[in-house]
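Chain residues, written in single-letter form:
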Amino acid sequence: MEYEKKQVDFSKTAQSQEWSLWKYIDSLPFEEDDVWREITLGEGNTPLIKISENLLAKAEYYMPTLSFKDRGSVILVAMAKKLGIDRVVADSSGNAGTSIAAFGARAGIQCDIFVPESTSEKKLKQIAAHGATVHKIPGNREDTARAAMAMVEETNSFYASHIYNPLFWEGTKTYVYEIYEQLKGILPEAFIIPVGNGTLLIGAYIAFQELMSSGQIQEMPKILAVQAGACAPISKAFEEGKTTVEPVENKGTIAEGIAIAAPARGSEILEAIRATGGDIIAVSEESILQARNELASKGVYVEITTGANYAAYLQYIEKYPELSEQKVVFPLCGAGIKSN
Ligand SMILES: *Cc1c(COP(=O)(O)O)cnc(C)c1O
């Protein structure tokens, strides 16, 4: 979908009385007075928390449904509403489904949410609470996606996919805009970003490109990505110097939010990481749990998947000792109470 993207005037947004990502309306595919006003739950506008001298965490668990997915889903659902759609189908490992269900409820749109059978009970309850129909699918995440797509075809419904629909990234890019504004017109040297399907990563990369082309930054920050070692197709392809990603077998990881064995956007993710001079590593199951506990000991309670992000930082500063002298931001993608 084409629309006119205007450059964000950060001197204006810094004064904005709109306490949500909608302060960046100039760069979003909606008008000032539009359907989003009926649907918004105040998503975005999340704090940056100091973890150590040069390390900041962006607390995405402050979101209405407790994960960063709200940035993308609000855009998708608002657009569905604008197009007059009354029923959507989505598939998810949990958090995207929760988010679509919440905004769907706001918009009066019936949602069918497909999730793997193994999804955390708490996320399932959250989805059902909003009145969405939950379809628990046996097998892996890819089986879930296939079941959702089959329903899309059979019923000719709107596929509110955070993976295939590029509108989702228009929302996730605001993650970077907010950091730029919070740091008063600069970006950190590096962004640690978890990758399953890459919706945060691709959104961040789009924001980097927009800020470059408007001259608001002169250099792209590095994307330092992370996957769970037990399911790391992109990190494998990166290490092998490939430009496309072969599916792997998910050996079973506690990081359910990034357990994507066959990412549909693999090539784009590799390209974004390489274009920023970045890197991608895989972290162990043990280090994920350890990092989650360490964050909790600092007052920060995240869902298990998010332990991987801090584990990655600790591994990256071993790999690149100079990184500990540089400003780095990592996301607290999901709230602790989402995990069983
Ligand atoms: C969705 C999600 C991710 C990863 O996002 P992708 O878009 O799949 O790369 C990471 N952590 C949590 C908690 C998530 O919900």
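All values reported here derive from a predicted model rather than from experimental measurement.

> I would appreciate a short explanation of the overall build of the protein chain in the present structure.
The helix and strand inventory of the protein chain stands at 13 helices and ten strands. For 340 residues, the compact-globule formula gives about 20 Å, and the C-alpha radius of gyration of the protein chain, at 19 Å, lands near that figure. With the C-alpha coordinates aligned to their principal axes, the bounding extent of the protein chain is approximately 55 × 50 × 40 Å. When the 340 residues of the protein chain are sorted by exposure, 60% land in the buried category. In the protein chain, the share of contacts with a sequence separation of at least 24, taken over all contacts with a separation of at least 6, comes to 70%. As displayed, the protein chain has an accessible area near 13,700 Å², and 49% of this comes from carbon and sulfur atoms. The average position of the 32 basic charges and that of the 44 acidic charges among the side chains of the protein chain differ by 3 Å.

> I tried to follow the domain arrangement of the protein chain on my own but got confused; where do I start?
Put simply, an interface is often sized by how much accessible area is lost when its parts join up. If you check the domain split of the protein chain, you get domain 1 (48–68 + 167–338) and domain 2 (70–159). Relative to domain 2, the C-alpha centre of domain 1 lies at a distance of 24 Å. In this complex, domain 1 contributes 25 residues to the contact, which on the side of domain 2 involves 20 residues. At the surface where domain 1 touches domain 2, the tally comes to four salt bridges. One salt bridge in this structure joins lysine 123 and glutamate 256, with 2.6 Å as the shortest N-O distance. Counting residues per element, the side of domain 1 that touches domain 2 draws most heavily on helix α7 (residues 167–172), at four residues.

> Whenever I open this one, the layout of surface pockets confuses me. Can you help?
Each pocket or cavity is described by its volume, and for the largest pocket that value is around 270 Å³. Surrounding the largest pocket, 14 residues form its lining, Pro188, Glu189, Glu219, Met220 and Pro221 being those nearest its centre. Among the residues forming the lining of the largest pocket, the class breakdown is six nonpolar, five polar and three charged.

> Which parts of the structure should I look at to understand the environment of proline 138?
Following the sequence through the fold, proline 138 ends up in the loop between β5 (133–137) and α6 (141–155). Residues proline 138 and proline 116, spaced 22 residues apart in sequence, show a C-alpha to C-alpha distance of 6.1 Å.

> Can you help me understand helix α5 (residues 121–129) in this one?
Because each turn of an α-helix spans 3.6 residues, side chains separated by three or four positions in sequence point in the same direction. What α5 keeps buried is the set Lys123, Leu124, Gln126 and Ile127. One side of α5 carries all its buried residues, which in axial view fall inside an arc of 160 degrees. For α5, the exposed residues set more than 90 degrees away from the buried face come down to Lys125 and Ala129. Buried residues along α5 sit in contact with α4 (95–107), β4 (110–116) and β5. Among the residues trailing α5, glycine 131 stands out with phi positive, at a value near 90 degrees.

> Is there a simple way to explain the UniProt feature "domain: Tryptophan synthase beta chain-like PALP" (unreviewed entry) in the protein chain in this structure?
Per the UniProt record, "domain: Tryptophan synthase beta chain-like PALP" (unreviewed entry) is annotated on residues 39–334. Helix makes up 43% of residues 39–334 and strand 17%. Its end C-alpha atoms lie 21 Å apart.

> Could you clarify how one ought to interpret unusual backbone geometry in this entry?
Although it is not a glycine, asparagine 45 adopts a positive phi angle of roughly 60 degrees. Tracing the backbone through its elements, the reader meets asparagine 45 in the loop between α2 (36–39) and β1 (48–52). Backbone geometry places asparagine 156, a non-glycine residue, at a positive phi of 55 degrees. Turning to its location among the elements, asparagine 156 is positioned in the loop between α6 and β6 (158–159). Given the relative accessible area of 71%, asparagine 156 is considered exposed.

> Looking at this structure, how should I read the nonpolar core?
Most often, soluble globular proteins have nonpolar side chains that are buried together. In terms of nonpolar packing, the biggest core is built from 39 residues, with Val176, Leu187, Leu201 and Ile223 touching the most fellow members. Going through the elements one at a time, α8 (174–182), β7 (190–194), α9 (199–213), β8 (222–228), α10 (233–239) and α11 (266–275) are the ones with two or more residues in this core. Among the elements that line this core, the one with the most residues is α9, at nine residues. Setting aside residues no more than four positions away along its own chain, leucine 187 makes contact with Val176, Ile179, Tyr180, Phe208, Leu211, Ile217 and Pro221. Among the nonpolar cores identified, the runner-up in size contains 32 residues, and Val35, Val74, Val77 and Phe103 belong to it.

> Can you walk me through the sheet that holds strand β10 (residues 328–331) in this structure?
The strands making up a sheet associate through backbone hydrogen bonding, with each pair oriented either parallel or antiparallel. Strands sit in the order β1-β2-β10-β7-β8-β9 across an open sheet of six strands; the sheet is mixed. Of all the strands in the sheet, just β1 and β9 (279–283) have a single pairing partner and so form its edges. Each strand axis lies, on average, 25 degrees off the axis of its neighbour in the sheet, ignoring direction. As judged from the five bridges shared by β7 and β8, these two strands associate in the parallel manner. Of the residues in β8, the one forming a bridge with alanine 190 is lysine 222.

About the thresholds
Residues numbered from 1 in each chain as written. Predicted model: local features only at pLDDT ≥ 70, side-chain atom pairs only at ≥ 80, totals over all residues. Heavy atoms only, no water. Helix = DSSP H or I, 4+ residues; strand = E, 2+ residues; numbered from the N terminus. Rg over C-alpha atoms; globule rule 2.2 N^0.38 Å. Buried < 20%, exposed > 50% of the residue type's maximum accessible area, 1.4 Å probe, protein only. Contact = heavy atoms within 4.5 Å. Areas by Shrake-Rupley, 256 points an atom, 1.4 Å probe, with all protein chains shown as cover. Lys, Arg positive; Asp, Glu negative; His and termini not counted. Charge placed at Lys NZ, Arg CZ, Asp CG, Glu CD. Domains from an automatic or database assignment. Salt bridge = Lys/Arg side-chain N within 4 Å of Asp/Glu carboxyl O. 1 Å grid on protein atoms, 1.4 Å probe; cavity = no way out; pocket = protein on both sides within 12 Å on 5 of 7 lines; lining within 4 Å. Points joined across faces, edges and corners; volume = space filled by probe spheres on them. Nonpolar A, V, L, I, M, F, W, Y, C, P; charged D, E, K, R; others polar. Arc of directions from axis to C-beta. UniProt positions renumbered as here; feature names shortened; annotations may be inferred. Core = buried A, V, L, I, M, F, W, Y, C linked by side-chain atoms within 4.5 Å. Pairing = 2+ DSSP bridges. Axes fitted to C-alpha atoms, helices over the stretch in contact; angles between N-to-C directions.

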